[in-house]
Amino acid sequence: MAEIFIGIDFGAVNLKCVRADKKLRGIRLGGEYSTPNAILYNKMQSGDVDKIIGTTALTQGEMHNPENLIVGIKRKLEEKNWRRKIPALNREITAPEVAEDIFKKIYECVANNFSPEDKFHAAVTVPVIFTEHQRQLLKDSAGRAGFEVDAVINESFAALFATPPQDNSLSVIFDFGGSTLDVSVIKVEGEEISELAAGGLRIGGLDIDRAILEKILRPKFAAEIDAAWNFENAVDFQLNFARKIKEALFAADADDFVEGWLIEFHPGFEKIKIARAEIDALLDGEGYSEKIIALLDEVFEELSQGADCFDKSDVTNIYALGGTMNIPHFRNLLEKYFEREISGDLEIEDKNLAVAGGAANFLQLREKIKTANAIPYRVCYSIGENLNLGIAKNMPSGFETLYMNLDLTALNNFGWKIELYQTFSDVVNFENAAYLGEVQLNSELYEKIEPPLLRLKILRDGRIKLTMSERRIAGSDAEIVLVEEFVI
C-alpha cells in the first residue's frame, strides 16, 4: 500500500486536483486538469441518478436539464441555510451535500489512477476568509467522500509550496480568483515558514461577471439574453456568458471588442457587441481598487506593529495568482501599490494548478518544516437584526472576552437565539459577514431579572465557546452564576 498526497483546490469557478510525487502532476477531472465547479444530477431511464461534474455537466445541463444543474457551490457554502429542490432527486439538497457529491466524483477520478490499496492523504484549500465552520464543512464533505483530510489551508499560503520556498524571503501571495481575493505575507527562514499576516475580501471574478451582466449586458440586450435562457436558474447561464465575454476580452492578443454570437450562438446574439473599454470603465466604477488598497493597507499596518516591523518595501517577492489577475487593471494596481513589477510565476508547469499543487507539496514537506498560519477574523454575535462585535481579530487561543450584557427584550422577541458571524471588516454589518453558527438558549433556565451575560472564548482548535451567565441577587449579596455553555 502506498501513501498518496493529494492537493484539492475546490474553487468557486474551477476544480483542480494534483498529486505530489517526485514532481507535481495534475489529475484529470472529467477529462480536464481544470474543470468547472458544476454538478448535474441526471436521472436515467433505470431510475438511477448519474452525477456528472465539470464541462460535461455545464453543457448537458444548459441544453437539456437546467433544473438539475448546480454551479459554483462554493459560494453557496457561505450562505446561512442554502438549499435547492432537485427534481431528479425528488428532494431538496443542501450545500454540504452538493460538495460531498462533487468530492465523491473527484475521489473516483483519483482512485482510477492508483491501486485500490493506496491511501489518499488530502489537503483541501480554502479562502482566507472562510470561517472555521465553513472549513469544517468542506473537510467533512471530503472525508465522507473517501479522502483522509490531513489539512485545510489557506489558498494563498498553499500556493507558496508549489515550488521550493525561497530561503530568507518575505513573499506576498496575491490570489484573486472567482469567489475571493486572498493575500498572505509569508516569511521563510530556513525550515521555518510563517504566514505573518493574511486577509481577504469576498469579491472575485464572479462579482465582476455579475456586474457585466447587470450593468452592461442587461441594460442593452435584456430581450436577447432572456430569450436565450428562459428557465428558473437562467442567471447561472447568463453569468457564464458574461464570464466568457470577460475572458475573451482579456485573453492574450484579444481584439478590442467581442461579438456575442461568437461566444454563444442564440437568435439575436449577432446584436451583442461588448468593448474592452466598457469593462475597464465598469471596474473603475465598482470600487474594487479602493477595497483592494484598503485590504493591503490593513495587512501591512498589522505587519508594521509586529516584532519585526515589516513594511511593503521589505517584500522580496510578489506572486499574483488566480484567473481574475489576467485583467490588466488589477495587475497594474498591484504593481503601482508596491512600486515594482510582479515577480515571475511560481515554478510550476501549469500555474492554474499552483494552489492544488502547493497543497499536495505541503503534505509531503510538513514533517521537515515548521509552519505557522495567520487567519485574521472578528467574531460577531447577533440577536435578531443587530450585529455586535464579540472578539477582535488575532486574539490567541484561550482568550476570553469580558461579560457582555444581552438585551432581554431582544432575546424574547427573537426566541432566545444567538447567531455568530465572522467578518474581516472594521465596519460590522451583515453584508460583509459570513454565517458561523447559532445556539438556542433555554429561556426557562434564566431568572430574567438581570440581563443575561455572554462571554466568548477562542479554543485551541479554533472553535468558539459561548458561556451564558446571569447575575443573581440573594439578600444583600450578588454573584454571577453560570447558566449554559456552547461550542461552535
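As a reminder, the structure under discussion sits directly above these lines.
Quick notes on the rules
- Residues numbered from 1 in each chain as written.
- Predicted model: local features only at pLDDT ≥ 70, side-chain atom pairs only at ≥ 80, totals over all residues.
- Heavy atoms only, no water.
- Helix = DSSP H or I, 4+ residues; strand = E, 2+ residues; numbered from the N terminus.
- Rg over C-alpha atoms; globule rule 2.2 N^0.38 Å.
- Buried < 20%, exposed > 50% of the residue type's maximum accessible area, 1.4 Å probe, protein only.
- Areas by Shrake-Rupley, 256 points an atom, 1.4 Å probe, with all protein chains shown as cover.
- Lys, Arg positive; Asp, Glu negative; His and termini not counted.
- Charge placed at Lys NZ, Arg CZ, Asp CG, Glu CD.
- Contact = heavy atoms within 4.5 Å.
- Pairing = 2+ DSSP bridges.
- Axes fitted to C-alpha atoms, helices over the stretch in contact; angles between N-to-C directions.
- Arc of directions from axis to C-beta.
- Disulfide = S-S within 2.5 Å.

1. Notes on the overall build of the protein
Turning to step 1, where the next piece is worked out: Scanning the protein from N- to C-terminus turns up 13 helices and 26 strands.
Turning to step 2, where the next piece is worked out: In terms of C-alpha radius of gyration, the protein reaches 24 Å, essentially the compact-globule figure of 23 Å for 488 residues.
Turning to step 3, where the next piece is worked out: Each of the three principal axes of the protein carries a C-alpha extent, and together these read 85 × 55 × 55 Å.
Turning to step 4, where the next piece is worked out: Across the 488 residues that make up the protein, the buried fraction comes to 52%.
Turning to step 5, where the next piece is worked out: Carbon and sulfur atoms make up 46% of the accessible area of the protein, which totals about 22300 Å².
Turning to step 6, where the next piece is worked out: Across the protein, the mean location of the 54 positive side-chain charges is 3 Å away from that of the 79 negative side-chain charges.

2. What to know about the environment of Gly-177
Turning to step 1, where the next piece is worked out: Along the chain, the position of Gly-177 falls in the loop between β12 (169–176) and β13 (181–189).
Turning to step 2, where the next piece is worked out: Put simply, Gly-177 and Thr-324 are 147 residues apart on the chain and 5.5 Å apart in space, counted from C-alpha to C-alpha.
Turning to step 3, where the next piece is worked out: With near-sequence residues (within four places) excluded, Gly-177 lies in contact with Gly-204, Gly-205, Gly-322 and Thr-324.

3. Remarks on the sheet that holds strand β23 (residues 433–440)
Turning to step 1, where the next piece is worked out: Across the sheet, four strands lie side by side as β20-β19-β22-β23; this open sheet has antiparallel pairing. At either margin of the open sheet sits one strand with a lone partner, and together these are β20 (386–391) and β23. The average undirected angle you get between the axes of adjacent strands in this sheet is 30°.
Turning to step 2, where the next piece is worked out: Alignment of strand β22 (residues 417–423) against β23, held across seven bridges, turns out to be antiparallel. Its bridge partner lying in β23, Leu-420 is registered against Gly-437.

4. Some remarks on the sheet that holds strand β7 (residues 69–71)
Turning to step 1, where the next piece is worked out: Across the sheet, three strands lie side by side as β6-β5-β7; this open sheet has antiparallel pairing. Looking at the sheet topology across the chains shown, the edges are occupied by β6 (49–53) and β7. Direction aside, the axes of adjacent strands within the sheet are offset by 15° on average.
Turning to step 2, where the next piece is worked out: Relative to β7, strand β5 (residues 38–43) is paired through three bridges, and the arrangement is antiparallel. Opposite Ile-39, over in β7, you have Ile-70 as the bridge partner.
Turning to step 3, where the next piece is worked out: Contacts from helix α3 (residues 95–111) reach β5, β6 and β7, with the element oriented near 90° to β5.

5. Here we look at helix α9 (residues 276–285)
Turning to step 1, where the next piece is worked out: Within the sequence span of α9, burial applies to Ile-279, Leu-282 and Leu-283. Buried residues of α9, seen end-on, are gathered within an arc of 100° and therefore sit on one face of the element. Opposite the buried face of α9, by more than 90 degrees, sit the exposed residues Ala-277, Asp-284 and Gly-285.
Turning to step 2, where the next piece is worked out: Check the buried side of α9 and you find it contacts α6 (205–228), α7 (234–249), β16 (273–275), α10 (288–304) and α11 (328–338).

6. Things to note about the state of the cysteines
Turning to step 1, where the next piece is worked out: Applying the stated criterion across every chain yields a total of zero disulfides.
Turning to step 2, where the next piece is worked out: Free of any disulfide, Cys-17 has its nearest cysteine sulfur in Cys-109, 8.2 Å distant.

So yeah, pure geometry; function would need other evidence.
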